[in-house]
Amino acid sequence: MSLPADGALERALFQRLSEAIIRGEIPLGAKLSEPALSRQYGVSRGPLREALNRLEERRLVERTPRLGARVVSLSATTFREIYGVREALEGLAARAAAHAMGEADLARLRAILARQEASLEGDGEHAPNALGGMDEDFHVAIARAAGNGLLIGLLCGDLYQQLRLYRSQLRKVAGRGRRAVTEHRRILDAIEDRDPEMAEWQMRRHIAASYTALAPLLGPAASEDLAE
């Protein structure tokens, strides 16, 4: 796929590098060489540096004096912090969506869930949101339909790429994909029933279950109760 030659170049490069990191094509902790990336993607150093700056803002890349840029490594502390914030914010989004979601948004959410359920027929270990784009993300669809601009900005902007980095690890957890889709069904049922308390509870329960599934991959420091 060729990159655009206009002002969208930095955004396109940011997206391609983000996907490469989240899919594991660029390993966690890997040092990033600007000359090598410039040759690989056929771009000059200016747009590449802008893309790396955006990746650093989204906490997918970190820079160290004299050592340069490298992909972040998974952190038990960051994992606990981000999932604590995620549980609270996505619970609020589900509650708001139960009030605000219109029929078009409900139809979109049903279609996303139907595709997730169908995908399980061929791959029971599939993690439904780990590697898909925003338009196929069950959680993004709920956040966008909640009618709260600040929540949308946080969940679909500032936190999104870092969340995806951790969620992408769910593909390593046997059976988590099937359980996650079942939990999505319960969230959708509560939203369709216009039951905000149940929608929030089901969403928070779902996030906590994902946390519990991922915690063993990050060691003992990550395995404490999310609610603590």
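Shown above is the structure to which this text applies.
Residues numbered from 1 in each chain as written. Predicted model: local features only at pLDDT ≥ 70, side-chain atom pairs only at ≥ 80, totals over all residues. Heavy atoms only, no water.

Colleague: Tell me about helix α4 (residues 76-100), and name the residues and values.
Modeller: Here α4 is 25 residues long and its end C-alpha atoms lie 35 Å apart, about the 36 Å a rise of 1.5 Å per residue gives. Structurally, the start of α4 carries an N-cap: the backbone nitrogen of T77 is 3.3 Å from a side-chain oxygen of S75. (Helix = DSSP H or I, 4+ residues; strand = E, 2+ residues; numbered from the N terminus. Expected span 1.5 Å × (residues − 1). Polar contact = N/O pair within 3.5 Å; in protein donor to acceptor, adjacent residues only side chain to side chain.)

Colleague: Now, about helix α8 (residues 160-167): what can you tell me, with residues and values included?
Modeller: α8 sits mainly inside the fold: 8 of its 8 residues count as buried. Taken as a whole, α8 has its buried residues at Y160, Q161, Q162, L163, R164, L165, Y166 and R167. In the core, the buried residues of α8 are packed alongside α1 (9-22), α4, α6 (138-145), α7 (149-158) and α10 (196-214). (Buried < 20%, exposed > 50% of the residue type's maximum accessible area, 1.4 Å probe, protein only. Contact = heavy atoms within 4.5 Å.)

Colleague: Just give me the short version of the pattern of salt bridges, but keep the residues and values in it.
Modeller: Applying the stated criterion across every chain yields a total of 18 salt bridges. The partner of R49 in a salt bridge is E34, and the shortest N-O contact between them spans 2.8 Å. With R49 in helix α3 (residues 45-57) and E34 in helix α2 (residues 34-41), the pair connects residues that are 15 residues apart, well separated along the chain. What makes E34 buried here is its relative accessible area of 17%. Put simply, E192 and R110 hold a salt bridge, and the shortest N to O gap is 2.5 Å. Linking E192 in helix α9 (residues 176-192) with R110 in helix α5 (residues 103-119), this pair joins segments that are 82 residues apart in sequence. According to the relative accessible area criterion, R110 is partly exposed, its value standing at 30%. Because the salt bridges share partners, they merge into one network encompassing E87, R95, E197, E200 and R204. (Salt bridge = Lys/Arg side-chain N within 4 Å of Asp/Glu carboxyl O.)

Colleague: For the packing of aromatic side chains, give the residues involved together with the corresponding values.
Modeller: Enumeration according to the criterion identifies 4 aromatic pairs in this entry. Members of the aromatic cluster, each reached through a chain of ring pairs, are F79, Y83, Y166 and Y211. One residue, R54, lies across the ring of F14, its end atom 4.2 Å from the ring centre. (Phe/Tyr/Trp six-rings, centres within 6.5 Å; stacked < 30°, edge-to-face > 60°. Lys NZ or Arg CZ within 6 Å of the ring centre and 35° of its normal.)

Colleague: Provide a residue-level description of the layout of surface pockets, including the pertinent values.
Modeller: Put simply, the largest pocket is a space of about 240 Å³. Around the largest pocket sit 14 residues that line it, and R59, T78, E81, I82 and Q162 are the ones nearest its centre. Of all the secondary structure elements, the ones that give two or more residues to the lining of the largest pocket are α4 and α8. A total of 4 residues in the lining of the largest pocket trace back to one element, the largest contributor, which is α4. For the lining of the largest pocket, the residue count by class is 6 nonpolar, 4 polar and 4 charged. (1 Å grid on protein atoms, 1.4 Å probe; cavity = no way out; pocket = protein on both sides within 12 Å on 5 of 7 lines; lining within 4 Å. Points joined across faces, edges and corners; volume = space filled by probe spheres on them. Nonpolar A, V, L, I, M, F, W, Y, C, P; charged D, E, K, R; others polar.)

Colleague: Outline empty space enclosed by the protein, supporting the account with residue identities and numerical values.
Modeller: Evaluation of the coordinates by the stated rule reveals 2 cavities of 30 Å³ or more. Contributing to the lining of the second largest cavity are E90, H139, V140, A143, L155, Y160, L163 and R167. Taken together, the elements giving at least two residues each to the lining of the second largest cavity come down to α6 and α8. Taken together, the residues of the lining of the second largest cavity sort by class into 5 nonpolar, 1 polar and 2 charged.

Colleague: Could you give an account of unusual backbone geometry, naming the residues involved and the relevant values?
Modeller: The phi angle at R66 is positive, at roughly 70°, despite the residue not being glycine. Here R66 is to be found in the loop between β1 (61-64) and β2 (68-71). We classify R66 as exposed; its relative accessible area is 84%. Positive phi outside glycine occurs at R194, with the angle close to 55°. If you trace the backbone, R194 turns up in the loop between α9 and α10.

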